[in-house]
Amino acid sequence: MLAAGKKPMVIYGGNSAVCDEACQLLHAAGADVPRPIGHVSNAILMEYLGDVNDPAPNLNSVVLSRTAARVMFKRLLWHVELMLKHNRIHSDLSAYNILYWESKAVVIDFPQAVVALTNPHAFDLLQRDIERLRQYFARYGIQANAPALAARLWQDFMEARL
């Protein structure tokens, strides 16, 4: 059941089963993703984020304070780590696939998510996701070494330390 004032959002797509599975897994793990409500055929029903008349904006269209950006960057890196801990890589993570609502980032768009242990390009996809976050947050003066962060996360993942 949705909370008062909340309405569902329907997502249609060819990989809706992959998206639904990833959202179910990550929501249960405490990730900042819309709450999945149901899945039928090629449609997913998810929690709607936004006002009655306006959906939540994507992160790319929001201006943050430097302090808020620093906190959000750390939280999104935690999110990348949480996904990897659950054997998933978003593989298209960018400020366009992150909604900003009620002062927090909510990751969306999982149809292209991959299983880390079985995808031969998993490390490259992980590194690209982190690099895209680094590129966005650089405008706020945040510096990060995406290849080093990806390498550390990947090594911790492969050695079951996440």
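Before reading on, note that the structure itself is shown above.
Residues numbered from 1 in each chain as written. Predicted model: local features only at pLDDT ≥ 70, side-chain atom pairs only at ≥ 80, totals over all residues. Heavy atoms only, no water.

**Quick notes on unusual backbone geometry**
For clarity, the threshold we go by: To qualify as a helix, a DSSP run of H or I must reach at least 4 residues; to qualify as a strand, a run of E must reach at least 2; elements of each kind are numbered from the N terminus.
Located in the positive-phi region is Glu 102, a residue other than glycine, with phi close to 50°. Locating Glu 102 in the fold gives a position in the loop between β5 (98–101) and β6 (104–107).

**Description of the nonpolar core**
The line we're drawing: Nonpolar cores are built from buried Ala, Val, Leu, Ile, Met, Phe, Trp, Tyr and Cys residues. Side-chain atoms within 4.5 Å join them into one set. We call a residue buried when its accessible area falls under 20% of the maximum for its residue type, exposed when it is over 50%, and partly exposed in between, using a 1.4 Å probe and counting protein chains only.
Of all hydrophobic cores here, the largest spans 44 residues; its most connected members are Phe 110 and Phe 137. Contributing elements (two or more residues each) for this core: α1 (16–28), β3 (43–47), α2 (66–85), β6, α3 (122–138) and α4 (146–158). The greatest single-element share of this core, amounting to 9 residues, is contributed by α2.

**Focus: the packing of aromatic side chains**
Let me state the cut-off plainly: Note on aromatic contacts: the rings of Phe and Tyr and the six-membered ring of Trp form a pair at centre separations within 6.5 Å, being stacked when their planes are under 30 degrees apart, edge-to-face when over 60 apart, and tilted otherwise.
In this structure the tally under the stated criterion is 6 aromatic pairs. Plain terms: the ring middles of Phe 137 and Tyr 140 are 6.4 Å apart, the flat faces sit at 45° to each other, and that makes the pair tilted. Taking relative accessible area as the criterion, Tyr 140 reaches 8% and is therefore assigned buried. With a centroid separation of 5.4 Å and an interplanar angle of 50°, the aromatic rings of Trp 154 and Phe 157 are classed as tilted. Separated by 3 residues within a single helix, Trp 154 and Phe 157 lie in helix α4, roughly one turn from each other. Each member of the aromatic cluster is reached from another via a ring pair, and the members are Phe 73, Tyr 136, Phe 137 and Tyr 140.

**Here's the deal with the environment of Ala 105**
In plain terms, the rule: Note on contacts: a residue pair qualifies if any of its non-hydrogen atoms lie within 4.5 Å across the two residues.
Residue placement: Ala 105 occurs in strand β6. Accessibility expressed as a relative area gives 7% for Ala 105, which makes it buried. Remark: the alpha-carbon pair of Ala 105 and Asn 58, spanning 47 residues in sequence, is separated by 8.8 Å. Once residues within four sequence positions are removed from consideration, Ala 105 is found in contact with Asp 32, Met 72, Leu 76, Ile 98 and Leu 99.

**Notes on the pairing of β6**
Just so we agree on the cut-off: Strand pairing requires that DSSP identify at least two bridges connecting the strands.
Sheet topology note: the β5/β6 ladder contains 4 bridges and is antiparallel. Note on β6: the bridge partner recorded for Leu 99 is Val 106. Between β5 and β6, which follow one another and run antiparallel, lie 2 residues, and Glu 102 among them has a positive phi close to 50°.

**Focus: a nonpolar patch on the surface**
Selection criterion: Each patch is built from residues that are more than 30% exposed by relative accessible area and take part in no salt bridge. Like charges join if they lie within 9 Å; nonpolar side chains (Val, Leu, Ile, Met, Phe, Trp, Tyr) join within 5 Å. Residue burial considers only the protein chains on display, and all accessible areas are found by Shrake-Rupley using a 1.4 Å probe. Just to be clear on terms, a salt bridge is a Lys or Arg side-chain nitrogen sitting within 4 Å of an Asp or Glu carboxyl oxygen.
A cluster of nonpolar side chains, Val 115, Leu 117 and Met 158, forms an exposed patch at the surface whose accessible area comes to about 270 Å². Mapped onto the fold, Met 158 is located in helix α4.

**Considering the pattern of salt bridges**
Counted according to the given criterion, the structure contains 7 salt bridges. Here Arg 75 ties to Asp 32 by a salt bridge, and the two come within 2.7 Å at their closest N and O atoms. Of this pair, Arg 75 sits in helix α2 while Asp 32 sits in the loop between α1 and β2 (36–40), placing them 43 residues apart in sequence. Taking the shortest distance from any N to any O, the salt bridge between Arg 132 and Asp 92 comes out at 2.9 Å. Remark: Asp 92 occurs in the loop between β4 (88–89) and β5 and Arg 132 occurs in helix α3; sequence separation between them is 40 residues.

None of this, on its own, says anything about what the molecule does.
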